[in-house]
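Residue-level structural notes
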Amino acid sequence: MARLIVVSNRVALPTRDAQAGGLAVAMRAVLKRHAGVWFGWSGRVATKEIRSSLTLEQAGVSYIVTDLTREDYDEYYNGFANRVLWPILHYRLDLAEFSRRDLSGYMRVNEHFASELHKFIRPDDVVWVHDYHLMPLAKMLRERGHRNRIGFFLHIPFPPTEMLTALPNHERLIGTMVHYDLVGFQTNNDAGNFARYLEHECRAIKIDPHTFKAADRRVRVGAFPISIETAEFNRLARRAVQSPFVKNVLDSLSGHIMMIGVDRLDYSKGLPLRMEAFERFMQAHPDWAGLVTYLQIAPRSRSEIAEYTEMERQLGSTAGRINATYGEASWTPIRYVNRTYSRTVLAGLYRSARMALVTPLRDGMNLVAKEFVAAQDADDPGVLILSRFAGAAAEFHAALLVNPYDPEAVGAAIERALTMSLLERRQRHAVLFRIISDNDVHTWGQHFLIALEQNDVLPGTTLPSRPQGGIDPSPAFAAAARRSPLQIVRH
């Protein structure tokens, strides 16, 4: 394979001890098998109006990072990316704060990325661009004369055309994505939404279910659900459950059953409704008082944005009220923690939990769901309660699927998980674990890159012809379900 160049907003440098998110973990796994270059922002904001760059070589990978100026950070990252694109792509038009200055900053930083890439791209390199921060990058590279194979993968949801067209100058942004050779999404529904945008707004001609022609460009569209290092995470969880920290947490529970939630502090995660669901559960099932503890880990993020600060205040208040209402001197119903823990600690906590609450209002995939499944002891597994609006629900039909906007239904799912038989827990886990074993992060990366390099390889499954209200069934799940004695019931 030609040299691979990965481009993302942030680069996880191997020398940095920061906790890596889902994208960083996935890219590290891909670059283990495809030595190349990882380019992006260093995470530093320059004190002067001059951007500097740094190159670090390790294990066959070149990490090339560039700084941003304060103006870049305010307009590109904190402004347009997180105040406009993030809410709109998560179906929250009401939270978008559009300004032309921020759009100009977003385009300026993408031009800067293109100029930096221009310095070292070779004619036969394969370029893989990631996420909503860099949508117009392919067009800017084409304008600099690059004819390389360039792919794009969106890690977060892609809403229907009706929402996207509410974005001022949407055609300057979304329309430029035709300059990619392959555009990948987490689910068929997201891919279908993009396909319809191409047809309705770009007047693209549909050549086949995956290929569209706009002007003089052909772009292919497909669904590539991202995954995790399944086997590695399972081994990590088996070791981590014996760590002193995890043992101390379990000892402090005094035998109480633990249910866990792990999310960035973000309005898309549905945390206020999740706490309300736990309260509804306590109201409906007071016999569980003193027996179950809900651990919610929610590291702070984007504290410069007012909505995030207000949400942190609201969640702290809600947790305090529930604890004051239902708690005892010897038992605290909710443990609410605003700090980051290592993957090792989280793996051990997942393995120790009877259930996980993964109930985002909208999510591209949600790898916490997959990590929880991977971490479980197959002989005594926990239960995954999963939002229907998480991308993972397209594959994970064997989870307890819930509507996160319905606290009573989520509360009922908590009670069902607590009373579920060991046999059913094992059967559901077997189906889920097989899915993430058959499609781990290595398989995901290979599927995308092969589809990018070879035009005769179909990218994903057939796209829906019109907007979907539900979730498309996953071929991987269907195959796993046929091999499992469990009869899946939709909730």
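Keep in mind that this is a model prediction, so the values were computed, not measured. (Residues numbered from 1 in each chain as written. Predicted model: local features only at pLDDT ≥ 70, side-chain atom pairs only at ≥ 80, totals over all residues. Heavy atoms only, no water.)

1. Re the overall build of the protein chain
Counting its secondary structure elements, the protein chain contains 17 helices and 16 strands. Compactness check: the protein chain gives a C-alpha radius of gyration of 23 Å against a globular reference of 23 Å for 491 residues, within 12% of the reference. If you line up the protein chain on its principal axes, its C-alpha atoms span 70 × 55 × 45 Å. A burial count over the protein chain gives 59% of its 491 residues as buried. Of the contacts made within the protein chain by residues no fewer than 6 positions apart, 78% connect residues no fewer than 24 positions apart. A total accessible area of about 19,500 Å² is found for the protein chain, and carbon and sulfur atoms account for 50% of it. Measuring between centres, the 59 positive side-chain charges of the protein chain sit 3 Å from its 53 negative side-chain charges. (Helix = DSSP H or I, 4+ residues; strand = E, 2+ residues; numbered from the N terminus. Rg over C-alpha atoms; globule rule 2.2 N^0.38 Å. Buried < 20%, exposed > 50% of the residue type's maximum accessible area, 1.4 Å probe, protein only. Contact = heavy atoms within 4.5 Å. Areas by Shrake-Rupley, 256 points an atom, 1.4 Å probe, with all protein chains shown as cover. Lys, Arg positive; Asp, Glu negative; His and termini not counted. Charge placed at Lys NZ, Arg CZ, Asp CG, Glu CD.)

2. Some thoughts on the nonpolar core
By size, the foremost hydrophobic cluster in this structure holds 95 residues, and its most contacted members are Val7, Met135 and Leu137. Counting residues per element, this core draws most heavily on helix H2 (residues 70-89), at 10 residues. Those residues in contact with Met135 that lie beyond four places of it in its chain are Leu89, Tyr106, Asn110, Phe152, Leu154, Leu173, Ile174, Thr176, Met177 and Tyr180. In terms of nonpolar packing, the next biggest core, distinct from the first, is built from 71 residues, Leu236, Leu253, Val368 and Phe448 among them. (Core = buried A, V, L, I, M, F, W, Y, C linked by side-chain atoms within 4.5 Å.)

3. Re the side chain of Lys370
Among the structural elements, Lys370 can be located in helix H13 (residues 367-375). One polar contact links the side chain of Lys370 to the main-chain carbonyl oxygen of Ile226, over a distance of 2.7 Å. Polar side-chain contacts of Lys370 include one of 2.7 Å to the side chain of Glu395. For Lys370, the contacting residues outside a window of four places in its chain are Ile226, Ser227, Ile228, Met365, Glu395, Phe396 and Ile436. (Polar contact = N/O pair within 3.5 Å; in protein donor to acceptor, adjacent residues only side chain to side chain.)

4. Here's the deal with the pairing of strand E15 (residues 383-387)
Burial runs high along E15: 5 of the 5 residues are buried. By the alternation rule, side chains of E15 split into Val383, Ile385 and Ser387 and Leu384 and Leu386, which are all buried. Across 3 bridges, E15 lies against strand E16 (residues 400-402) in parallel orientation. Residue pairing in the sheet places Leu386 in a bridge with Leu401 of E16. (Pairing = 2+ DSSP bridges.)

5. Digging into the pattern of salt bridges
Within this structure, the stated rule accounts for 29 salt bridges. A salt bridge links Glu312 to Arg300; the shortest N-O distance between them is 2.5 Å. One end of the pair, Glu312, is in helix H11 (residues 306-326); the other, Arg300, is in the loop between strand E12 (292-297) and H11, with 12 residues separating them in the sequence. The network of salt bridges with shared partners includes Asp72, Glu75, Arg101, Asp102 and Arg108. (Salt bridge = Lys/Arg side-chain N within 4 Å of Asp/Glu carboxyl O.)

6. Details of H11
Spanning 21 residues, H11 covers 31 Å between terminal C-alpha atoms, matching the ideal 30 Å at 1.5 Å per step. Taken together, the buried positions of H11 are Tyr308, Met311, Leu315, Thr318, Ala319, Ile322, Asn323 and Tyr326. Mapping the buried residues of H11 onto a view down its axis gives an arc of 125°, with all of them on the same face. Residues of H11 that are exposed and point more than 90 degrees away from the buried face comprise Ala306, Arg313 and Ala324. Those residues of H11 that are buried are in contact with H2, helix H10 (271-284) and strand E13 (334-337). (Expected span 1.5 Å × (residues − 1). Arc of directions from axis to C-beta.)

7. Examining the sheet that holds E16
Spatially, 6 strands are ordered E13-E12-E11-E14-E15-E16 in an open sheet, and the strand pairing comes out parallel. Of all the strands in the sheet, the pair left with one neighbour each is E13 and E16. Strand-to-strand twist in this sheet, taken as the mean axis angle between neighbours without regard to direction, amounts to 20°. Sheet strands in contact with H10 are strand E11 (257-262), E12, E13 and strand E14 (355-358), and its direction is about 175° off that of E12. Against the sheet, H13 engages E11, E14 and E15, with an angle of about 170° to E15. (Axes fitted to C-alpha atoms, helices over the stretch in contact; angles between N-to-C directions.)

8. Observations concerning the environment of Thr230
Examined against the element boundaries, Thr230 turns out to sit in helix H8 (residues 230-240). Sequence separation of Thr230 and Ser421 is 191 residues, and the distance between their C-alpha atoms is 25 Å. If we skip the residues at most four places from it in the chain, Thr230 touches Ala374, Phe433, Ile436, Ser437 and Asp440.

9. Here's the deal with the environment of Lys48
Considering the arrangement of structural elements, one finds Lys48 in the loop between strand E2 (36-45) and strand E3 (53-58). We classify Lys48 as exposed; its relative accessible area is 60%. Taking C-alpha positions, Lys48 is 48 Å from Gln242, a pair spaced 194 residues apart along the chain.

10. Quick word on the sheet that holds strand E5 (residues 126-130)
If you walk across this open sheet you meet the 10 strands as E3-E4-E2-E1-E5-E6-E7-E10-E9-E8, and the pairing is mixed. What marks the edges here is a single partner per strand, and that holds for E3 and strand E8 (205-208). Averaged over all pairs of adjacent strands, the angle between their axes in this sheet comes to 25°, without regard to strand direction. In terms of strand pairing, strand E7 (residues 182-185) meets strand E10 (residues 217-223) through 4 bridges, oriented parallel. Bridging from a neighbouring strand, Val183 pairs with Val221 of E10.

11. Details of the packing of H8 against H13
The geometry of H8 relative to H13 is characterised by a closest axis approach of 8 Å and an angle of 60° between their N-to-C directions. One finds that H8 runs oblique with respect to H13. Between H8 and H13 lies a crossing of right-handed hand. Counted together, Thr230, Phe233, Asn234 and Ala237 of H8 and Glu371, Ala374 and Ala375 of H13 form the full contact between these two elements. Its residues assigned to classes, the contact of H8 with H13 comprises 4 nonpolar, 2 polar and 1 charged. (Parallel < 35°, antiparallel > 145°, perpendicular 65-115°, else oblique. Left-handed = near helix turned anticlockwise from the far one by under 90°. Nonpolar A, V, L, I, M, F, W, Y, C, P; charged D, E, K, R; others polar.)

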